[in-house]
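Chain by chain, the residues:
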Amino acid sequence: MNAILFENVSRHFGNVRAVDGVDLAVAEGEFFAMLGPSGSGKTTCLRLVAGFEQPTAGHIEIFGETAEGLPPYRRNVNTVFQDYALFPHLSILDNVAYGLMVKGVGRIERRRAAEEALAMVALPGYGARKPGQLSGGQRQRVALARALVNRPRVLLLDEPLGALDLKLREQMQEELKSLQKALGLTFIFVTHDQGEALAMADRVAVFHEGKVRQVGTPEDIYRRPKTRFVADFVGSSNVLSRVQCQRLGVDAPAASLRPESIVIGRPTDGQLGLTGIPIATSFLGPVNRVTLDCGGERIVALLAGGAPIPAMGESVTLAFGRHDLHVMEDAG
Amino acid sequence: MIMASEGQRTRLMATPGPRDRGSLSDMLWRNPKLFLALLLCLPLLWLGVVYLGSLAVFLAQSFFAIDDFSGLVTYEPTLATYRQLFSDANFDIILRTVTMAASVTVASIVIAFPVAFYAARYAKGVWKAVFYLGVMLPLWSSYLVKIYAWKLILAKEGILTWLFAKLHLLWLLEAWLSIPIIGGNSLSVSYTGTFLVFVYVWLPFMILPIQASLERVSGSLVEASADLGARPGQTFRHVLLPLALPGIVAGSIFTFSLTLGDYIIPQIIGSSRLFIGQAVYAQQGTAGNLPLAAAFTVVPIVIMGVYLWAARRMGAFDAL
């Protein structure tokens, strides 16, 4: 059964089409990411599931039940908010027990459940503190515990890792992923960070200007982007124009080429080649990024750490496998 | 993405500032204590000496008593004035004033909260400006003019009686006025009238602090509460009300203490029975009993002190 179903859903704010004719189906137990730049409609979609927004048009189902007209407090979904939205006047334990408290669960029972949830997110014994006394990463875990203690059928996460520093982000990504697998819950995860979406999700929906541009596995999205926008946004791929494609003997409106599939040197069998002039280079740790000017079009190559860096301003030949060049349906 | 080739590089040069200019600012920057002293000397002189100093001198009078024969103040420490304060007649005044202040405060909270909630949660742009104007505008006109206007509105021949008559509800007004204590010959000579005018005059002082406290409650907290299964009533009780409580307490300090101290409204509108403010006015003026006037003044201060202490104990300031 589908956990979430969107049928031609739109949400307009005056003239702004925040969500514009979206069709989506999220399977039960799936880790589903909604990826897109800010203002692309991904957060509005999440809010439509949570019930904070009502669709202007279209139909939404949560586990087969019509969601339109259903207030947030009657939906068996819970949200982890971007700013965590912990209640500042309540202790951590009361924050986590809040959902049980408003449902009328007894004091002893809800304390036990809240402490269990805090232990699950590795914060046992923190119950007596106030949200203000916790670090960003700890607050994030409390927000997670507060949502999970209600045993939701779908957990919605709105850029939950956005405010954390890099190390903590990577750690939380792994923890979230393993938590989701252990609980077997449906997670819908909103992010503008393509790396995060690719690393965590079973499937990714790429949003742009209120529309879903592509839905697929991370591998699909990364290797076989359907549009220029998806190619560009997911991993800053090189997008080759029709003219460039023709130079390579390929007839297509556009094609994408991953920076890491390019090497410097003459093309061998089954490879294609281009000439370009290196114009900038930067050191990224494991790889070097080289930007080249190929007949007026800019192409970025990621060269392995040990590989020699070509001299600036001197023409070189690039080579890449024929299959690395992915032909796209349209240039938009 | 930043890309720069050899030729495009720009050089940034640090320009040293002149050392001789802004020496006063430099000195204050180096001596934060001197800066604080300069900042606070005028307000401290005013509040500390002129305001608190004279208040202390005045309150000290309450520990003296008036000599019944000569009518002069005897400068010997005594609690005789406080005994006088708790005589039946004077205690009635205190009870009447405190009851009025409490009723005015409760009514103000009930009326102010929805207005403040609307302003903090829904009003945007022009409507926000309309809200501030609407709340503040009454404060711009003279207090006395407003009270005399109310006297006309509440009078037996006034517009309210006329309105009730037009709506065929005169019986309701008369039934209300026939209730002992809060009723009277007309609204303008009843406690009901005094109450209405107090609520009208002090309402802005309740609306603004509540609005300010609600403004700080992030919308996502309300959403989070609903998300966790709380119905709107539960969200109000468990999230909005506790977080707005500092504002409600701040507003009630205004309405409560302003009502406790006012002597003009009960004099113009209401029965001839005294409120604390009128008692202070009468004692220090015509009666010449400065110690009793001072003792009456102590009452609101003590009540407010107890009120703040209780509010603190209840956790009203925990969210601050």
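Quick caveat: nothing in here was measured; it's all calculated off a predicted structure.

The rules we used
Residues numbered from 1 in each chain as written. Chains lettered and ligands numbered in written order. Predicted model: local features only at pLDDT ≥ 70, side-chain atom pairs only at ≥ 80, totals over all residues. Helix = DSSP H or I, 4+ residues; strand = E, 2+ residues; numbered from the N terminus. Buried ≥ 20, exposed ≤ 12 C-beta atoms within 10 Å, placed from the backbone. Contact = placed C-beta atoms within 7 Å. Nonpolar A, V, L, I, M, F, W, Y, C, P; charged D, E, K, R; others polar. Pairing = 2+ DSSP bridges. Axes fitted to C-alpha atoms, helices over the stretch in contact; angles between N-to-C directions. Parallel < 35°, antiparallel > 145°, perpendicular 65-115°, else oblique. Left-handed = near helix turned anticlockwise from the far one by under 90°. Core = buried A, V, L, I, M, F, W, Y, C linked by C-beta atoms within 7 Å. Domains from an automatic or database assignment.

Chemist: Describe the overall build of chain A, naming the residues involved and giving the relevant values.
Modeler: Within chain A, the regular secondary structure consists of nine helices and 18 strands. Overall, the C-alpha framework of chain A stretches about 75 × 45 × 35 Å when taken along its three principal axes. Across the 332 residues in chain A, those meeting the buried criterion constitute 42%.

Chemist: Explain the interface of chain A and chain B residue by residue, including any values.
Modeler: Across the contact, 22 residues belong to chain A and 19 residues belong to chain B. Where the side of chain A that touches chain B is concerned, the elements lending two or more residues are β6 (77-80), α2 (92-102) and β14 (271-283) of chain A. Per-element tally for the side of chain A that touches chain B: the top contributor is α2(A), with three residues. Tallied by class, the residues present in the side of chain A that touches chain B amount to 14 nonpolar, six polar and two charged.

Chemist: Outline the pairing of strand β9 (residues 203-208) of chain A, listing residues and values.
Modeler: Residues and elements named next belong to chain A. Counted residue by residue, β9 has five buried out of six residues, so it is predominantly covered. Two elements, strand β3 (residues 31-35) and β9, share four bridges in a ladder whose sense is parallel. Paired with M34 across the strands is A205, a residue of β9. Looking at chain direction, β9 and strand β10 (residues 211-216) are connected through five bridges and run antiparallel. Along β10, the bridge assignment pairs V204 with G216. Between β9 and β10, which pair antiparallel and follow one another directly, the connecting turn spans two residues, one of which, E209, has a positive phi of 50°.

Chemist: Summarise the sheet that holds strand β2 (residues 16-27) of chain A; cite the residues concerned and give the values.
Modeler: Residues and elements named next belong to chain A. Judged by pairing direction, the sheet is antiparallel, and its four strands sit side by side in the order β2-β1-β4-β5 without closing on themselves. Only two strands of the sheet have a single partner each, and these edge strands are β2 and β5 (65-66). Sheet topology places strand β1 (residues 2-13) next to β2; eight bridges connect them, and they run antiparallel. In the sheet register, R11 faces β2, and the bridge partner there is V19. Contacts from helix α1 (residues 42-50) reach β1, β2 and β4 (57-62), with the element oriented near 65° to β2.

Chemist: Explain the packing of α2(A) against helix α4 (residues 136-148) of chain A residue by residue, including any values.
Modeler: Residue and element names in this part refer to chain A. At a minimum axis distance of 7 Å, the contact between α2 and α4 shows a crossing angle of 30°. With respect to each other, α2 and α4 are oriented roughly parallel. Between α2 and α4 the crossing geometry is right-handed. For the pair α2 and α4, the contacting residues are I92, N95, V96, Y98 and G99 in the first and V142, A145 and R146 in the second. Partitioning the contact of α2 with α4 into residue classes produces five nonpolar, two polar and one charged.

Chemist: Can you break down the environment of Q283(B) residue by residue, with the values?
Modeler: Along the chain, the position of Q283(B) falls in helix α13 (residues 276-284). Residue classification places Q283(B) among the buried residues on the basis of 21 C-beta atoms within 10 Å.

Chemist: Give a description of the nonpolar core that names residues and reports values.
Modeler: Grouped together as the largest cluster of nonpolar side chains are 149 residues, with contacts concentrated most on V49(A), V96(A), I188(A) and F189(A). Looking at which element gives the most residues to this core, the answer is helix α9 (residues 191-215) of chain B, with 15 residues. Residues from two domains meet in this core; each of domain 1 (2-225) and domain 2 (236-328) of chain A gives at least three. The residues contacting F189(A), other than those within four sequence positions of it, are F31(A), F32(A), A33(A), L157(A), M200(A) and A201(A).

Chemist: Please provide a residue-by-residue account of the pairing of β3(A), values included.
Modeler: The buried fraction of β3(A) amounts to five of the five residues, a majority that puts the element mostly inside the structure. Of the two faces of β3(A), both are covered, the one formed by F31(A), A33(A) and L35(A) as well as the one formed by F32(A) and M34(A).

Chemist: If you had to explain the sheet that holds strand β7 (residues 154-158) of chain A to someone new, which residues and values would you point to?
Modeler: Pairing between sheet strands relies on hydrogen bonds along the backbone, with the strands arranged either parallel or antiparallel. All names here are of chain A. Spatial strand order, β6-β7-β8-β3-β9-β10: six strands in an open sheet with mixed pairing. The open sheet has two edge strands, β6 and β10, and neither has a second partner. Sheet twist, expressed as the average angle between the axes of neighbouring strands with direction ignored, equals 20°.

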